[in-house]
Amino acid sequence: MAEKIGFVSLGCPKNQVDAERMLAQLTAAGMEIVDHLTDPADAVIVNTCCFIDAAKQESIDAVLEAADLKAEGSVRKIIVVGCMAQKYRDEILETLPEADVVVGISAVADIVSVVRGEESAPDEEPAAPNAAPEALPLTGARLLTTPSHWAYLKIADGCSNRCAYCSIPSIRGDFRSVPLEDALAEAQSLVDGGVRELILIAQDTTSYGLDLYGELRLPELLTALCKIEDLRWIRVLYCYPDRVTPELLAVMASEPKILHYIDMPLQHINDSVLAAMHRRGTATQIRQTLADIRAALPDVVLRTTFITGLPGEDESAFEELHNFIKEQQFERLGVFAYSPQEGTPAADMPDQVDAEIAGARLDILMRAQNDIARERAEAFIGRTLEVICEDYDGYTDTNIGRCYADAPEIDGLVYFPGQAEDGQFYQVKILGVSEDGYDLVGTMNN
Ligand code: SF4
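Residues numbered from 1 in each chain as written. Predicted model: local features only at pLDDT ≥ 70, side-chain atom pairs only at ≥ 80, totals over all residues. Heavy atoms only, no water.

This paragraph deals with the side chain of Asn15. Structurally, the position occupied by Asn15 is in helix α1 (residues 13–28). Separated by 2.9 Å, the side chain of Asn15 and the backbone oxygen of Leu10 make a polar contact. Dropping the residues within four chain positions of it, Asn15 is found in contact with Ser9, Leu10, Asn47, Thr48, Cys49 and Arg172. (Helix = DSSP H or I, 4+ residues; strand = E, 2+ residues; numbered from the N terminus. Polar contact = N/O pair within 3.5 Å; in protein donor to acceptor, adjacent residues only side chain to side chain. Contact = heavy atoms within 4.5 Å.)

What follows covers the site of the ligand. Taken together, Cys159, Asn161, Arg162, Cys163, Tyr165, Cys166, Ile168, Pro169 and Gln203 form the complete shell of residues around the ligand. Split by residue class, the shell around the ligand holds 6 nonpolar, 2 polar and 1 charged. (Near = heavy atom within 4 Å. Nonpolar A, V, L, I, M, F, W, Y, C, P; charged D, E, K, R; others polar.)

A separate point is the pairing of strand β17 (residues 425–433). Direction of pairing for strand β14 (residues 384–393) relative to β17: antiparallel, over a ladder of 5 bridges. By the bridge assignment, Glu386 is partnered in β17 with Gln427. With 5 bridges joining them, β17 and strand β18 (residues 440–444) adopt antiparallel strand pairing. Looking across to β18, one finds that Lys429 is bridged to Thr443. (Pairing = 2+ DSSP bridges.)

Here we come to the pattern of salt bridges. One pass over the full model with this rule turns up 30 salt bridges. Across the pair Arg172 and Asp157 runs a salt bridge, and its minimum N-O distance is 2.9 Å. Residue Arg172 is found in helix α6 (residues 168–172), and its partner Asp157 is found in strand β7 (residues 156–157); the two are separated by 15 residues along the sequence. Taking relative accessible area as the criterion, Arg172 reaches 3% and is therefore assigned buried. Judged by relative accessible area, which is 7%, Asp157 ranks as buried. Here Arg402 makes a salt bridge to Glu197, at a shortest N to O gap of 2.6 Å. Remark: Glu197 occurs in strand β9 (residues 197–201) and Arg402 occurs in strand β15 (residues 398–402); sequence separation between them is 205 residues. Across the pair, Glu197 and Arg402 agree in class, each one buried. When salt bridges that share partners are traced, they join Asp18, Lys154, Asp157 and Arg172 into one network. (Salt bridge = Lys/Arg side-chain N within 4 Å of Asp/Glu carboxyl O. Buried < 20%, exposed > 50% of the residue type's maximum accessible area, 1.4 Å probe, protein only.)

Geometric values such as these leave the question of function open.
In structure tokens form, the structure reads like this:
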């Protein structure tokens, strides 16, 4: 009888790719993936995240939810893996007795033996090696959790940037690029499986190759990916400003498959706050990079994120950030309120900012962005855009899709009527924007 496994994956797309690798191993070993909220499960795997406090709480809640089902007898074992298990293994074992097995990100190397208990009791060293991140595989078969027409391509893991507020390097180790030929082989197999949009991810995609080849190789990887015949769209997330080079912009401008979409977290614009964050680059350099991007890609959609309330961020530094957002008019923008993470330099810095102030600053920025986002969306009216169909809403008889400006799971959507098939591309003339100003409405122009 096949083992029945429930699986919860939390956090970022990089963690999601790890989940897909674990799911592929489990099914290859003959296990059945079930919805443990409705069906009995021999084990539930919770792939955790601990980037910020809210993510930690979400992970703990998922374990406790599984624990309730275990108490009812419909779940036999709870296995906690992923970033929070990597950083807080001992604390989880101590404070969450509901967890039977806690193995860090090394679980991705051999999840089957973790599930089958080829390790000893919880308080002894697990058999599956809680290996150092640097020893972990960067590739492997995947069972996609995304719709079959798009997928993430993780081109590296870990990070060597060492931003002062971030615990990821201490969890995932130094930056490690996937060898070019392996990344291309994975991309080809995804496209052979029906993927038409590839979304490149890493903690910092623009550092691709630096560790392995001693130089930045993202432009070369992108050029090679464009040669994959049936691949239609390539999207790049998580760029670091000072590594958005003229070479990268030249490839993005010349290769039609590469979407004019750049996700580039800036985190702040005030020079003292940037320095306190241990971020490379000054306000002047960041402005120059933004100007270079808009010059090279006039129709570019820029997504960025900022952090409010880092220790030392005073009213004038915050006002500088507020004005910067109004000055730059980003198409897409997210804001996080700073939450101190143990073991990071920022957690021990003086002049900690009250969480309420950090939250209030976040609200101010998002209110400013609401108007900007609407204006940016209205600028699409009258344009005909290529749209990938993702879904159909029978209630409104409307297709739901995305254009180049929309990364899945974080950005807006395009609504259009007519006969359309999921995963297919359509020319859609934009006629208007939705009430909240984030989505587009159009008509097929095929
Ligand atoms: S770039 Fe900075 S914020 Fe991003 S993962 Fe690396 S250290 Fe963390």
